[in-house]
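# Coordinate inspection notes
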Amino acid sequence: NQGVAPVTYGEGERPPRGDYARARADYTCEQDWAAYTPAQHDLYRRLYERQAAQLPGLACQEFIEAVAHLGAPDRIPRFDELSERLMRATGWQVVAVPGLIPEEAFFKLLSERRFPVTEWIREPEEFDYVVEPDVFHDLFGHVPLLFNPVFADYMQAYGAGGLKASRLDACELLARLYWYTVEFGLIATPEGLRAYGAGILSSAGELRHSVTSPEPKRVGFELERIMRTRYKIDSYQTTYFVIDSFDQLFEATAPDFTPIYARVRQLPTLEAGELLPGEAIRAV
Ligand code: PHE
Ligand code: FE
């Protein structure tokens, strides 16, 4: 059962990057570790070093402590070795995928506590910015917090919730929750605002911007507010949502979303960066 169709893409759009011929029906593949070149390991090392140097004072403590679990910073990790450590910590595994995969396949893997990590690494010219997620974004950005028990449970619940949202035609609403938490979430800590979202933590420029710039709006986490809010995919976010703890995030998303989707559909959609009347924004 090797070889699957790549994710569908619109007319005039580029097909997703990656070798889909080697993928299984669930879109996972073997990580061809031997195929990485010394230059690719070195690119990973340089990406890792640049990001690791920025973490103190900007990333949340849970993330900083868990980054070491990724293993030696000077080469692309072997996913099977990383999975052993992750399995012992929270029962999660990382599995290789050729690149972007269809929504339902993604949700199913998360619901099984298997986190899909893109096999390929960006080109050197993409050192500062890569359009599609690569192995550095997926590993460095997402995997550390899978070592945190509460966040690990949140990710599984999200996967199960995604399968349900597919049946309810509510994936667009749910995707906004992923975007504003898993990818671009901020957390308030006693030491100040910190980042926990993978899109921020793997970004050269947005990490400092999201935590310290006076420009973007920072709004307290509110589930329905997030589900109503569009997001930017090609620039820094204009609004970030701030949680107080991973427990808050887990508990606020535990209720059945079926009636919540119905309610949110009745409310006007908000543009990225738009504020509601009287809405409090947090100062940095
Ligand atoms: N509670 C959500 C539902 O019933 C599932 C979910 C949990 C979604 C956590 C996202 C995050 O649909
Ligand atoms: Fe991501």
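Scoring rules and cut-offs
Residues numbered from 1 in each chain as written. Chains lettered and ligands numbered in written order. Predicted model: local features only at pLDDT ≥ 70, side-chain atom pairs only at ≥ 80, totals over all residues. Heavy atoms only, no water. Phe/Tyr/Trp six-rings, centres within 6.5 Å; stacked < 30°, edge-to-face > 60°. Helix = DSSP H or I, 4+ residues; strand = E, 2+ residues; numbered from the N terminus. Buried < 20%, exposed > 50% of the residue type's maximum accessible area, 1.4 Å probe, protein only. Lys NZ or Arg CZ within 6 Å of the ring centre and 35° of its normal. Core = buried A, V, L, I, M, F, W, Y, C linked by side-chain atoms within 4.5 Å. Pairing = 2+ DSSP bridges. Axes fitted to C-alpha atoms, helices over the stretch in contact; angles between N-to-C directions. Salt bridge = Lys/Arg side-chain N within 4 Å of Asp/Glu carboxyl O. Donors = N, O, S within 2.8 Å, 3.2 Å for Na, K, Ca; no water.

This next bit is on the packing of aromatic side chains. In the structure shown here, the tally under the stated rule is 18 aromatic pairs. Here the aromatic rings of Y44 and Y48 are separated by 6.1 Å at their centres, their planes lie at 50°, and the arrangement is tilted. In this pair, Y44 and Y48 both sit in helix α1 (residues 38-54), four residues apart, roughly one turn of the helix. Both residues of the pair, Y44 and Y48, count as buried. Ring centres of W179 and F184 lie 4.9 Å apart, and the angle between their planes is 35°; this geometry places the pair in the tilted category. For W179, a relative accessible area of 17% corresponds to the buried category. An aromatic cluster is built from Y44, Y48, F63, F136 and F140, whose rings are joined through pairwise contacts. Stacked on the ring of F127, the Lys or Arg R46 has its end atom at 5.0 Å from the ring centre. Between R78 and the ring centre of W33, over which it is positioned, the NZ or CZ distance is 3.9 Å.

Among the nonpolar cores identified, the biggest contains 87 residues, and F63, F115, V143, F151, M155 and Y196 are the most heavily contacted of them. Top element by residues in this core is helix α7 (residues 171-183). It accounts for eight residues.

Glancing now at the sheet that holds strand β3 (residues 186-189). As summarised here, the arrangement of the four strands in space is β4-β3-β6-β5, forming an open sheet in which the pairing is mixed. Each having just a single partner strand, β4 (192-195) and β5 (217-220) make up the two edges of the open sheet. With direction set aside, neighbouring strand axes in the sheet form an average angle of 35°. Sheet topology note: the β5/strand β6 (residues 239-243) ladder contains four bridges and is parallel. Within β6, the position partnered with K217 by the bridge is T239.

As enumerated under the stated definition, the model contains 20 salt bridges in all. The partner of R45 in a salt bridge is D42, with the nearest N and O atoms 2.8 Å apart. With a gap of three residues between them, R45 and D42 both fall in helix α1, about one helical turn apart. The class of R45 is partly exposed, set by a relative accessible area of 24%. Its salt-bridge partner being E112, residue R114 comes within 3.3 Å of it at the nearest N-O pair. Judged by its relative accessible area of 35%, E112 falls in the partly exposed class.

Protein coordination at the iron ion (ligand 2): the donors are H137 (NE2), H142 (NE2) and E183 (OE), at 2.0 to 2.1 Å from the metal. Binding-site remark: the iron ion (ligand 2) is held by donors from one chain whose sequence spacing is H-x4-H-x40-E.

By themselves, these figures tell us nothing about what the structure is for.
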